[in-house]
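Tertiary structure, described
The residues making up each chain are set out below.
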Amino acid sequence: MNKVMINRIKGTQDIAFEDIEYWHFAEEAIRNISHKYAFTEIRTPIFEATELFKRSVGESTDVVQKEMYTFEDKGGRSITLRPEGTAGVARAFIENSFVNLGSPVKLFYNGPMFRYEKPQAGRLRQFHQFGAEILGSESPLADFEIIEMAYSFLKELKINKAKLFINSIGCPVCREDYKTALKEYYSDKLPGMCPDCQRRYETNVLRLLDCKIDKELVHGAPGILEYLDSDCRSHFEELQWYLQRAGIEYEVDQFLVRGLDYYTRTAFEIRSSSLGSQDQLVGGGRYDGLVEYIGGNSCPAVGFAIGLERIVMLLKSENVKINGPETSEVAILAFGREESVRGFDYARRLRKMGVSTFVDVMERNMRNKMKHAARIGAKISLLIGKEEIERDIVTIKVMSDGSQFQVDSDYMADYVVDKLRDIS
RNA sequence: GUGGUUGUAGCUCAGUUGGAAGAGCGCCUGACUGUGGAUCAGGCGGUCGCGGGUUCGAACCCCGCCAGCCACCCCA
């Protein structure tokens, strides 16, 4: 290629043909599940004021500090491509006064998110998340429904090798006590720890818990569950009770902390062992402080986000059966100008009856037209040449057995529809 | 941002010690002025990722950059 080539932006992908079928499959499951759970869709802008993410996701988080696509628009405003979905939903909830709809409000979204990261297996710069949020309920029932919904989404997609981990990170009050205890535990060990951990000791102590380098130390660290106050504790216990009653298997992981600042109490992840290093399929939890944090009236909420690229990876590796590509049913092969006019006329009639119709727009010989019709999987080909025009007929060829019929052009559509029904 | 690894035709890849850029598949065309997954023939398609260096000579050796993949950090 001697032209100057412009390539995809790093960490993005083009999805077409066979690949797109996996996405259709997943997107259909999203609509199904959301409808069954009576969640309604919300579409928020792909970009928002930078401040929204700083305040919701958290100034000290990696996402905000080094992963945001931020730019200034021509009016001098700081704009950011959304790195996650919850902040926008919470903003929309406040801005449109969805509280007036009555609690709870159950919303879902599905769309692209952007993070400036180094791409690897299961991680892109533009990726897609399906998320659901329940706003207005403080009850562990809401936590339970969110987890159950994520769980049955995976079930609907026949993804079985997935494991649920839950934890409670308490409320801002009891979490402070825990942080103090953690700092105390780590204080004398700090000099021997990795540079990242030394940094995290100051910025975000909780993150010391999932350090992969100094993992030995974690075993002796105090667990957060012992520090929960009675409300947080009973919230967590109730959630587990509901999970058990529903027969949903889970594991309590005391060292599960989420990277985003807005989480309170319940935190959960669903991971898959057959995914590679980025094994987290679903992440979610409760964020009781967020709505107030970004300027609304206090409103408890809980939600999840599911990474669709990772879902698609699993569908592929687990050989989940998806629908085949939609092929056209009829191919119209016409020679010459008058014949082509007739061909387009037939196509209009067939499409009106709901038949997927391919019109060949290459001026080539019959052999090559036929070859292409076969290639795209047409079930029936319509041949229109000089003879057909003169006698006002059409030649209909059934591709599967090669049989051919000549039909008056007036009966073409009915005949084709009948034939399609016969051979399907 | 750090580390490992890989970049040759649209795809999969060969290319000897540094000595004329290739194959298969695909695409387009023709044999067959009107019949498909077959056959045969022809054609399109390459700044060998980009830039520099070494050399009489570089796809091959050296350096830098870019991109893909994998891992770390972190996350979905």
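Everything in this summary refers to the structure shown in the same document. (Residues numbered from 1 in each chain as written. Chains lettered and ligands numbered in written order. Predicted model: local features only at pLDDT ≥ 70, side-chain atom pairs only at ≥ 80, totals over all residues. Heavy atoms only, no water.)

**A word on the sheet that holds strand β15 (residues 393-398)**
Read across the open sheet, the five strands follow the order β13-β12-β14-β15-β16; overall the sheet is mixed. The sheet terminates laterally at β13 (357-359) and β16 (404-408), the two strands that pair on one side only. When the angles between neighbouring strand axes are averaged without regard to direction, this sheet yields 25 degrees. Sheet topology places β15 next to β16; five bridges connect them, and they run antiparallel. Looking at the pairing, Ile-396 lines up with Phe-405 of β16. Here helix α15 (residues 412-423) sits on the sheet and contacts β12 (330-334), β14 (380-384), β15 and β16; the angle it forms with β14, its principal contact strand, is near 155 degrees. (Pairing = 2+ DSSP bridges. Helix = DSSP H or I, 4+ residues; strand = E, 2+ residues; numbered from the N terminus. Axes fitted to C-alpha atoms, helices over the stretch in contact; angles between N-to-C directions. Contact = heavy atoms within 4.5 Å.)

**A closer look at the packing of aromatic side chains**
For any pair of aromatic rings, geometry is given as the distance between the ring centres together with the angle between the planes. A complete count under the given rule lists twelve aromatic pairs for this structure. For the ring pair Phe-93 and Phe-98, a centre distance of 6.3 Å and an interplane angle of 75 degrees mean the geometry is edge-to-face. Phe-98 shares its class with Phe-93; the two are buried. It is Arg-271 that lies over the ring of Phe-165; its NZ or CZ is 3.9 Å from the centre. The ring of Tyr-22 has Lys-316 sitting right over it, with the charged end atom 5.5 Å from the ring centre. (Phe/Tyr/Trp six-rings, centres within 6.5 Å; stacked < 30°, edge-to-face > 60°. Buried < 20%, exposed > 50% of the residue type's maximum accessible area, 1.4 Å probe, protein only. Lys NZ or Arg CZ within 6 Å of the ring centre and 35° of its normal.)

**Examining the protein's contact with RNA strand B**
Around RNA strand B, the structure places 51 residues, and the nearest of them are Arg-123, Arg-200, Gly-259, Ser-277 and Arg-375. Near-protein atoms of RNA strand B (within 4 Å) split between backbone and bases, with sugar and phosphate holding 60%. In the environment of RNA strand B, a phosphate oxygen lies 3.0 Å from a nitrogen or oxygen atom belonging to the side chain of Asn-365. When residues of the surface near RNA strand B are assigned to their parent elements, the largest contribution, seven residues, is made by helix α13 (residues 366-375). Of the residues assigned to the surface near RNA strand B, the class counts are 14 nonpolar, 17 polar and 20 charged. (Near = heavy atom within 4 Å. Polar contact = N/O pair within 3.5 Å; in protein donor to acceptor, adjacent residues only side chain to side chain. Nonpolar A, V, L, I, M, F, W, Y, C, P; charged D, E, K, R; others polar.)

**What to know about the packing of helix α1 (residues 18-36) against helix α11 (residues 308-317)**
Where α1 meets α11, the closest approach of the two axes is 10 Å, and the angle between their N-to-C directions is 115 degrees. Comparing their axes, α11 and α1 come out roughly perpendicular. As for how α1 packs across α11, the hand of that crossing is right-handed. For the pair α1 and α11, contact is made by Asp-19, Tyr-22, Trp-23, Phe-25 and Ile-30 and by Leu-308, Glu-309, Val-312, Leu-315 and Lys-316, respectively. For the contact of α1 with α11, the residue count by class is seven nonpolar, no polar and three charged. (Parallel < 35°, antiparallel > 145°, perpendicular 65-115°, else oblique. Left-handed = near helix turned anticlockwise from the far one by under 90°.)

**A short note on the packing of α1 against helix α5 (residues 140-156)**
Where α1 contacts α5, the two axes come as close as 10 Å, and the packing angle between them is 135 degrees. In this view, α1 runs oblique relative to α5, as classed from their interaxial angle. Pair α1 / α5 crosses with right-handed handedness. Where α1 approaches α5, its residues Ala-26, Ala-29, Ile-30, Asn-32, Ile-33, Ser-34 and Lys-36 are matched on the opposing element by Met-149, Ser-152, Phe-153 and Glu-156. Here the contact of α1 with α5 is built from residues that sort into six nonpolar, three polar and two charged.

**Observations regarding helix α12 (residues 337-352)**
Across its 16 residues, α12 extends 23 Å between first and last C-alpha, which sits within 8% of the 22 Å expected from 1.5 Å per residue. Where α12 ends, the next residue or the one after it, Gly-354, has phi of about 85 degrees, a positive value. (Expected span 1.5 Å × (residues − 1).)

**A closer look at the nonpolar core**
Phe-130, Leu-135, Phe-153, Tyr-186, Val-282, Phe-304 and Ile-311 are the most contacted members of the largest nonpolar core, which has 94 residues in total. Residue contributions to this core peak at eight residues, all from α5. Setting aside residues up to four positions removed in sequence, Phe-130 forms contacts with Ile-30, Ser-34, Phe-108, Tyr-109, Asn-110, Met-149, Phe-153, Phe-304, Ala-305, Ile-306 and Leu-308. Core analysis: the second largest hydrophobic core is formed by 18 residues, Ile-332, Tyr-346, Leu-350 and Val-394 among them. (Core = buried A, V, L, I, M, F, W, Y, C linked by side-chain atoms within 4.5 Å.)

**What to know about the state of the cysteines**
Tallying each qualifying case throughout the model produces zero disulfides. Cysteine Cys-171 is unpaired, with the sulfur of Cys-174 as its nearest cysteine sulfur at 3.6 Å. Overall, Cys-171 belongs to the buried group, its relative accessible area being 14%. Cysteine Cys-299 shares no disulfide, and the gap to the nearest cysteine sulfur, in Cys-171, comes to 17 Å. According to the relative accessible area criterion, Cys-299 is buried, its value standing at 4%. (Disulfide = S-S within 2.5 Å.)

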